[in-house]
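Reading the structure
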Amino acid sequence: MASPGVEVELLVKGRSELGEVAPEVKASERRTAVAIADLEWRDMDPDDYGTNEAQDSDFPAVERSRLQEMLSLLGLETYQAQKLSLQDSLQISSDSMKNWAPQAPKDLPWNFLRKLQVLNAEARNTTMVLDVPPDARPAEKESQMEEEIIYWDAADDISADIYSFSELPTPDTPVNPLDLLCALLLSSDSFLQQEIVHRMSLCQFALPLVLPDSENHYHTFLLWALRGVVRTWWAQPPRGVGSLREDSAVLSRAPAFAFVRMEVSSNSKSQLLNAVLSPGHRPRDCFWHRDLNVGTNPREIADGLVEVSWFLPSGREDLDVFPEPVAFLNLRGDIGSHWLQFKLLTEVSSAVFILTDNISKKEYKLLYPMKGSATKYYFILSPYRGKRNTNLRFLNRLIPVLKMDHSHVLVKVSSTDSAGFVRRVRSIVAHVARSPCRRLSLEEMAHAARKLGLRVDEDCAECQRAKDRMERITRKIKDSDAYRRDELRLQGDPWRKVAQVEKELCQAQWAGDPPDKGRAELRLRLLELRAQQNGHEPAGGVQEFIAGISGPSLGEKQYFLRWMEWGLARVAPPRPRQPPESILTLRPKHCGVVDFSELLWPEPLGVEHFLREMGQFYEAESCLVEAGKLPASQRRFAHFPGLALELLLKGLPLELIDGSTLSTPLRWVTGLLKELHVRLERRSRLVVLSALGVPGTGKSTLLNTMFGLRFATGRGCGPRGAFMQLVTVAESFSQDLGCDHILVIDSGSLIGGALASAGERFELEASLATLLMGLSNVTVVSLAETRDIPPAILHAFLRLEKTGHMPNYQFVYQNLHDACAPGPRPRERRPLLEPPGDVSRAVAQMEKQGGGIRTLADLAFCDPEKQHIWHIPGLWHGVPPMAAVSLGYSEAIFELKRCLLENIRNGLSNQNKNIQQLIELVRRL
């Protein structure tokens, strides 16, 4: 074997035309000096570095105040005692209708949250537009600035050390985006942190893994914040057919590769990581770096931040850089200043890449404690001229300590071929990943973080109590169908029989016939079925669930619901597998009709099933009380609507139309609305906004992006019913908008595109569409690759047009195939305005209006100049799962939201309702 020193001779190339040192280096030099001084006296035993004493406790006093100064600059100091909540960030205000640029640092957090909500790829840009134009600056200011410039130019004798202390950004200087992110996360509660991280993942931004907080002397491993991130990739086994895999980012194991900086490095870690992660010639800006806008601003509080990102294969050999998922970790700042984070990375990574310009005695002392580590180490050097002998001497001393060889030393200078260098780094990563190496999940990394003394956000008492309660429920679920049959006894056949009798009774009542024996028999049958339901006691799992949402701690309730969602997802039946191109889009059948015969897999067990069970207990008891069969004083479940309402107010979607029976539990829904009316008191003015469309047209994603909601997305992976969520309007804006809340309804999978010839199935879909549109002030119809509106929705339009109740409507054509679709053009709006096809004419003839309907405009007074029709570009920019949301999509969604709010404010929707009126409308419909 050749001597390692032979290949290290490459260092003789030196550094001829190196770029400037990264700006953040200056800001951390003093922290490095403190940490290195602390290491000088140590015996270099690795065991010395696993305790809390390395957690920046020796920082100068001036350093400890910088966090508070940054929070004050950003206007976040008020959110330290009472954290910013998810509901605070989702409120609709006057700013929701403006596409404005931040004008002061205090605008930056809200601008970031608003852009992140609509998945805008430019959310991290912290550039500000000043209120005062430069030409309006007072003359004395210009003079003062000129004097300052002259003063500093003349200060040749001042020590250069003064420049190592960076000043906080002034109001006209952009804040480093990483500082903004850290400040916002430190000011947010656990659920807003989780939402921020989730939406960052959809934007393909690098995610925070370890959040620094030197002010309070602890750093936080963000395990809970990352729990909501789900990763999808194409798994290709050594033999056989590949499959689409989906798993939690917290639970899935993958080899991890850490990139860190030691002292000064002329090469950017983040740029290198972006290049390694990007399959094409144009690197994705997953990790923020120095060459982006405001990327050169020094970090003030973000040093010590550890970020994580993944490469996920798509099943396409021309795009897949690696054949399996690979995690990449990036430590911001110098390892000497952040020894605890560096120690963590060495214990959880398969390999660590250390970027530095030179290796001297100080660097050698830093790395010596890693002696005996199982982690592989690689150096990426950009050596200064004249440092050849020093580099060789310390490298040769480190090689046996870190168990390296000559292939572990890479040299990159300005003349190095960048593309070739990236290929070499990729080949090293691929080689390590193929060999036996450490593979940990984030959950396992959190165990290592605890041992080193880092705080893990998930370890709070409320979160752990909620997790224990969830596990007591889910450990009993061995088979979903059996559990539903044995534990959720009021659903299934009992609920279907009740729904059928109620439907027949309702039809007989609306027929206007006088009371007869048949109706009396139906009522008697209904009471018998309800008495049978009321004779049951809630099963153990249901009682545990009720206890979980009944506790005095609001935070513990929210933790419990999130744990239940994830716990039930782990025991749900597997999703059907689809080919890799289906990650990009769901391709509907011709004429935009999705064949429901494809939707045969069982509905996964979810939180909604437990709430359905509560609803049936309440319905059965209420029915018997109304009929005088049960005294009101003996009611046991009257408080159930209040418990469910708490969940609605905290952002959980509640079921309006049951997906299993395709019927509305009327007493349960009206009970919820009555509780809502009591809770909101004077702020009870509502606008109802519904979204209808066949499955796979992107309506749920559209609503989630527009309002920051949590409707289930993806075909076949969620509940089938129609769900509602409540969006709050800020009090300062409610008078202008004309309402206090917006009730958003997602039709889910109820409208399947059944043809008019489908008989009962079509009539059922048309009735459900009529119900949802009849409740609405505003209706968004989501379409994809079709010139025809789904027949059931067209049928509902015809019915409502005859009653005079026509909601404000917007037709949204979503491009599900083209990842880089252009903006709306008149020719792309034309198909919906052309003469209807056979399906539309057949539906119109059913309503005896076939002769009068020639185009959609004849039906609904559709005027394209009034923006009734929208073209939304494709969701993805690139090929999933590594694709980011396209900027065109997020901008179009924002414009659609602005238009909807403008229509509400201008009264173009039907008259806004109060909750009492909505209750009466639900009963009538």
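Residues numbered from 1 in each chain as written. Predicted model: local features only at pLDDT ≥ 70, side-chain atom pairs only at ≥ 80, totals over all residues. Heavy atoms only, no water.

1. Concerning the overall build of the protein chain
- Helices and strands together make up the secondary structure of the protein chain, namely 34 helices and 22 strands.
- Here the protein chain holds 925 residues, and 56% of them are scored as buried.
- In the protein chain, the proportion of contacts linking residues at least 24 apart, taken out of those at least 6 apart, comes to 79%.
- Carbon and sulfur atoms make up 51% of the accessible area of the protein chain, which totals about 38,800 Å². (Helix = DSSP H or I, 4+ residues; strand = E, 2+ residues; numbered from the N terminus. Buried < 20%, exposed > 50% of the residue type's maximum accessible area, 1.4 Å probe, protein only. Contact = heavy atoms within 4.5 Å. Areas by Shrake-Rupley, 256 points an atom, 1.4 Å probe, with all protein chains shown as cover.)

2. Some details on helix H21 (residues 540-548)
- Turning to H21, its buried residues are Gly 541, Val 542, Glu 544, Phe 545, Ile 546 and Gly 548.
- On its buried side, H21 packs onto helix H17 (461-474), helix H18 (480-487), helix H22 (554-571), helix H23 (607-626) and helix H24 (640-649).

3. Overview of the pattern of salt bridges
- Summed over all chains, the structure comprises 41 salt bridges.
- Note that Arg 530 and Glu 502 form a salt bridge whose closest N and O atoms lie 3.4 Å from each other. In this pair, Arg 530 is assigned in helix H20 (residues 517-534) and Glu 502 in helix H19 (residues 493-510), connecting sequence segments 28 residues apart.
- Overall, Arg 530 belongs to the buried group, its relative accessible area being 0%. (Salt bridge = Lys/Arg side-chain N within 4 Å of Asp/Glu carboxyl O.)

4. Topic: the environment of Ser 349
- By secondary structure assignment, the location of Ser 349 is in the loop between helix H12 (339-348) and strand E8 (351-356).
- When the C-alpha atoms of Ser 349 and Ala 374 are compared, they prove to be 9.6 Å apart, with 25 residues separating the residues in sequence.
- Setting aside residues no more than four positions away along its own chain, Ser 349 makes contact with Ala 256, Ala 258, Leu 329, Thr 375 and Arg 438.
- Side-chain polar atoms of Ser 349 contact the backbone oxygen of Leu 345, separated by 2.7 Å. (Polar contact = N/O pair within 3.5 Å; in protein donor to acceptor, adjacent residues only side chain to side chain.)

5. A short note on the packing of aromatic side chains
- Using the criterion set out here, one finds 25 aromatic pairs in the structure.
- A ring pair is formed by Trp 224 and Trp 566, whose centres lie 5.1 Å apart and whose planes are at 65°; its orientation type is edge-to-face. Of this pair, Trp 224 sits in helix H10 (residues 223-226) while Trp 566 sits in helix H22; the two residues are 342 residues apart in sequence, bridging distant segments of the chain.
- Ring centres of Tyr 364 and Tyr 368 lie 5.8 Å apart, and the angle between their planes is 55°; on these two criteria the pair is classed as tilted.
- Owing to a relative accessible area of 12%, Tyr 364 belongs among the buried residues under this scheme.
- The exposure class assigned to Tyr 368 is partly exposed, which follows from its relative accessible area of 22%. (Phe/Tyr/Trp six-rings, centres within 6.5 Å; stacked < 30°, edge-to-face > 60°.)

6. Let's talk about the side chain of Glu 608
- Along the chain, Glu 608 turns up in helix H23.
- In this structure Glu 608 touches Pro 719 and Phe 723, once residues within four positions along its chain are discounted.

7. Considering the confidence of the model for the protein chain
- Looking at the protein chain, the pLDDT average stands at 80 and 76% of residues meet or exceed 70.
- Here residues 1-64 scores under 50 on pLDDT; set against residues more than four positions off or in separate chains, the count is 125 contacts.
- Across residues 574-601, where pLDDT falls below 50, the model places 54 contacts with residues more than four positions away in sequence or in other chains. (pLDDT = per-residue confidence, 0-100.)

8. Brief notes about the pairing of strand E1 (residues 207-211)
- Counting buried residues in E1 gives five out of five residues, a clear majority hidden from the surface.
- Of the strand pairs in this sheet, E1 and strand E6 (residues 306-311) are connected by three bridges, and their pairing is antiparallel. Looking at E6, one finds that Pro 208 is bridged to Glu 307. (Pairing = 2+ DSSP bridges.)

9. A short note on the environment of Leu 86
- Relative to the assigned elements, Leu 86 resides in helix H5 (residues 86-90).
- Every residue in contact with Leu 86, bar those within four places of it in the chain, is listed here: Asp 189, Leu 192, Glu 195 and Arg 562.

10. Here we look at the pairing of strand E15 (residues 722-728)
- Counting buried positions along E15 gives six out of seven residues, so the element sits mostly inside the fold.
- As paired elements, strand E13 (residues 654-657) and E15 share three bridges and run antiparallel to each other. Paired with Glu 655 across the bridge in E15 is Phe 723.

11. Looking at unusual backbone geometry
- With an omega of 10°, the peptide bond running from Pro 880 to Pro 881 counts as cis.
- Residue placement: Pro 881 occurs in the loop between strand E20 (876-877) and strand E21 (884-885).
- Backbone geometry places Lys 403, a non-glycine residue, at a positive phi of 55°.
- Taking the relative accessible area as the measure of exposure, Lys 403 reaches 58% and is therefore exposed.
- Look at Glu 681: it is not a glycine, yet its phi comes out positive at around 50°.
- With relative accessibility at 59%, the residue Glu 681 sits in the exposed group.

12. A few points about the nonpolar core
- Counting 155 residues, the largest nonpolar core has Ile 196, Phe 221, Phe 257, Phe 328, Phe 379 and Ile 742 as the members making the most contacts within it.
- Excluding residues within four positions of it along the chain, Ile 196 makes contact with Phe 112, Leu 113, Leu 116, Leu 181, Leu 184, Leu 185 and Ser 188. (Core = buried A, V, L, I, M, F, W, Y, C linked by side-chain atoms within 4.5 Å.)

13. Section: helix H9 (residues 190-202)
- Along its 13 residues, H9 runs 19 Å from first to last C-alpha, staying within 8% of the 18 Å computed at 1.5 Å per residue.
- Within H9, 11 of the 13 residues are buried, which leaves the element mostly enclosed by the surrounding structure.
- Of all the positions in H9, only Ser 190, Phe 191, Leu 192, Gln 193, Gln 194, Glu 195, Ile 196, Val 197, Arg 199, Met 200 and Ser 201 are classed as buried.
- Of the residues one or two after H9, Gln 204 is the one with positive phi, at around 60°. (Expected span 1.5 Å × (residues − 1).)

14. Some details on the packing of helix H11 (residues 269-277) against helix H15 (residues 418-434)
- Interhelical geometry of H11 versus H15 gives an angle of 75° and a closest axis separation of 9 Å. Taken together, H11 and H15 sit at an angle that is classed as roughly perpendicular. Of H15, the residues touching H11 (which contributes Leu 272, Ala 275 and Val 276) are Phe 421, Val 422, Val 425 and Arg 426.
- A breakdown of the residues in the contact of H11 with H15 according to their chemical character gives six nonpolar, no polar and one charged. (Axes fitted to C-alpha atoms, helices over the stretch in contact; angles between N-to-C directions. Parallel < 35°, antiparallel > 145°, perpendicular 65-115°, else oblique. Nonpolar A, V, L, I, M, F, W, Y, C, P; charged D, E, K, R; others polar.)

15. With respect to the side chain of Asn 704
- Here Asn 704 is to be found in helix H26 (residues 699-707).
- Beyond its immediate stretch of four places on either side in the chain, Asn 704 contacts Gln 117, Arg 199, Leu 709, Arg 710, Phe 711 and Thr 713.

16. What to know about the packing of helix H6 (residues 108-117) against H9
- As a packed pair, H6 and H9 sit with axes 9 Å apart at the nearest point and diverge in direction by 55°. When the interaxial angle is binned, H6 and H9 end up oblique. Our pair here, H6 against H9, has a crossing hand that is left-handed. Contacts between H6 and H9 involve Phe 112, Leu 113, Leu 116 and Gln 117 from the first element and Ile 196, Arg 199 and Met 200 from the second.
- Across the contact of H6 with H9, the residue classes tally to five nonpolar, one polar and one charged. (Left-handed = near helix turned anticlockwise from the far one by under 90°.)

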